[in-house]
Amino acid sequence: MASRKHVRIGMVGYRFMGKAHSHALRDLPFFFDTELVPVLQAIAGRDGQAVKAAAEKMGWASYETDWRRLIERDDIDVIDIVTPNHSHAEIAIAAAKAGKHVICEKPLALTVAQSRQMLDAVNAAGVVHMICHNYRFAPAVQLAKQLIAEGRLGRIFHFRATFLQDWLISPDVPLTWRLRKEIAGSGALGDLGAHIIDLARFLVGEIREVVGMMETFVKERPLGEIDLQLKGRAASGARGAVSVDDAVAFLARFANGALGIFEATRFSRGNRAGNRFEINGEKGSLRWDLENMNNLQLYLEADEPGLQGFRTINCTEGEHPYAGAYWPAGHIIGYEHTFIHLFVELMNGIARGLSPSPNFADGLQNQLVLAAVEESARTGKWVQLPASASAD
Ligand code: SOE
């Protein structure tokens, strides 16, 4: 095989998503023979001790305590942004202006205006860009896309999705960055709703109008940060106001006439990662559940009467997207592998000079839906998305 060219990654951030991205970048060459191979060149974080430890633990060749150093370095080809949402725009625009390709965690930014600026910057710079909506890249979700595209479900009538978590119900959970509007932009809406909006756009099409409601069940919390995997630690006794939604529910009408029902919450007791959808079409239906990630449930009306019902397809066969790169059929893969598949597409995109979907244009469309839901929750009225947003 011709010697494979390296693509040197500079990652800004190193906590939860930093771990998922680092693992994916390191494991990608183990399973996929992409023309370009990612190299973990440098990781950046403000806390020198913590980022040094993260670099050693996750296998980064070097580390910086200022992200701007990654932008300046000429041994970095791609900037990977895994920081809280309020910093995405500044970092992405600086990276693009420096001629570096950019991949950014979701949601793209705090506002539609910032998302537009980011898209304009990467387009002006001619760099490759992607947004990390990783759930598209579960083999079962890719199979769902194939079946819909082949017309197996016929005309689509309904898309209904949830992303249900329950880590915030205790009022003792501190005021983490995800609960502060100036850092996160929104709560469950942008953190979890963004994912199911992306799945809706990927599988059904553009959204034309929405009507929604949002709620903040716990209005103030102890100050301090938490690690999402640890229980909250009440810090110093001081308390602060929660400035984002704990839960959101909204209806949508797609440009192709299908109806959508969406729910995202951190208060759904007993649901840890209830990222689920069901799609109903004229000829059949599909169901997927992150907590059962490898399986796609399919119902086809054409099945023999008396034998009809949802069948379970275990998407670990060689025929299933990405699955063949791993193990023999039946040996399931996990959440972390969805990130590997997304980076495979990024490597292929850089090799071809293309920005694979989901890219910043998808991020902007997603941000338009987020903003429309927030406006509707304020006004109680249906909100139309800009015409360009509903162009199929
Ligand atoms: C926390 O809600 C979180 O880590 C999200 O930020 C991620 O995007 C989601 O994939 C898992 O849950």
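Predicted model, so just to flag it, every value in this text is computed and none were measured. (Residues numbered from 1 in each chain as written. Predicted model: local features only at pLDDT ≥ 70, side-chain atom pairs only at ≥ 80, totals over all residues. Heavy atoms only, no water.)

**Overview of the site of the ligand**
Point 1. Near the ligand, the surroundings consist of 9 residues, among which F16, K106, Y135, D191 and H195 are the closest.
Point 2. Between the ligand and Y135, the relevant distance is 2.5 Å, taken from an oxygen atom to a side-chain nitrogen or oxygen of the residue.
Point 3. Note that an oxygen atom of the ligand is positioned 2.4 Å from one of the side-chain N or O atoms of D191.
Point 4. Alone, the ligand offers 300 Å² of accessible surface; in the complex the protein occludes 92% of this. (Near = heavy atom within 4 Å. Polar contact = N/O pair within 3.5 Å; in protein donor to acceptor, adjacent residues only side chain to side chain. Areas by Shrake-Rupley, 256 points an atom, 1.4 Å probe, with all protein chains shown as cover.)

**Quick look at the environment of H88**
Point 1. Along the polypeptide, H88 turns up in helix α4 (residues 88–97).
Point 2. A polar side-chain atom of H88 sits 3.1 Å from the main-chain carbonyl oxygen of L108. (Helix = DSSP H or I, 4+ residues; strand = E, 2+ residues; numbered from the N terminus.)

**A few points about the pattern of salt bridges**
Side-chain pairing between opposite charges can occur once the charged atoms of the two side chains come close.
Point 1. According to the stated counting rule, one finds 28 salt bridges in the structure shown.
Point 2. Among the ionic pairs, D362 bridges to R136, the shortest N-O distance being 3.7 Å. Here D362, found in helix α10 (residues 360–379), pairs with R136, found in the loop between β6 (129–131) and α6 (139–149); they are 226 residues apart in sequence, far enough to count as distant. Each of the two residues, D362 as well as R136, counts as buried. (Salt bridge = Lys/Arg side-chain N within 4 Å of Asp/Glu carboxyl O. Buried < 20%, exposed > 50% of the residue type's maximum accessible area, 1.4 Å probe, protein only.)

**Some thoughts on a nonpolar patch on the surface**
Point 1. On the surface, L251, I261 and W382 cluster together into a nonpolar patch covering about 280 Å² of accessible area.
Point 2. Judged by relative accessible area, which is 45%, I261 ranks as partly exposed. (Patch = residues over 30% accessible without salt bridge, like charges linked within 9 Å, V, L, I, M, F, W, Y side chains within 5 Å.)

**Quick look at the sheet that holds strand β13 (residues 274–281)**
Point 1. With mixed pairing, 9 strands are arranged side by side in an open sheet as β16-β15-β14-β13-β7-β12-β11-β8-β17. Unpaired on one side and paired on the other, β16 (311–314) and β17 (383–384) mark the two borders of the sheet.
Point 2. Summarising the sheet, strand β8 (residues 207–215) and strand β11 (residues 247–254) pair through 8 bridges and their orientation is antiparallel. When the sheet's bridge partners are listed, V211 is paired in β11 with L251. (Pairing = 2+ DSSP bridges.)

**Focus on the domain arrangement of the protein**
Point 1. Each assigned domain of the protein is listed here: domain 1 (5–135) and domain 2 (136–387).
Point 2. Here the C-alpha centroids of domain 1 and domain 2 sit 22 Å apart.
Point 3. Across the domain 1 to domain 2 interface the summed buried area is about 4,600 Å²; carbon plus sulfur atoms make up 75%.
Point 4. The largest contributions to the domain 1 side of the interface with domain 2 come from M130, H133 and Y135, which together make up 21% of the buried area. (Domains from an automatic or database assignment. Buried area = accessible area lost by both parts, 1.4 Å probe.)

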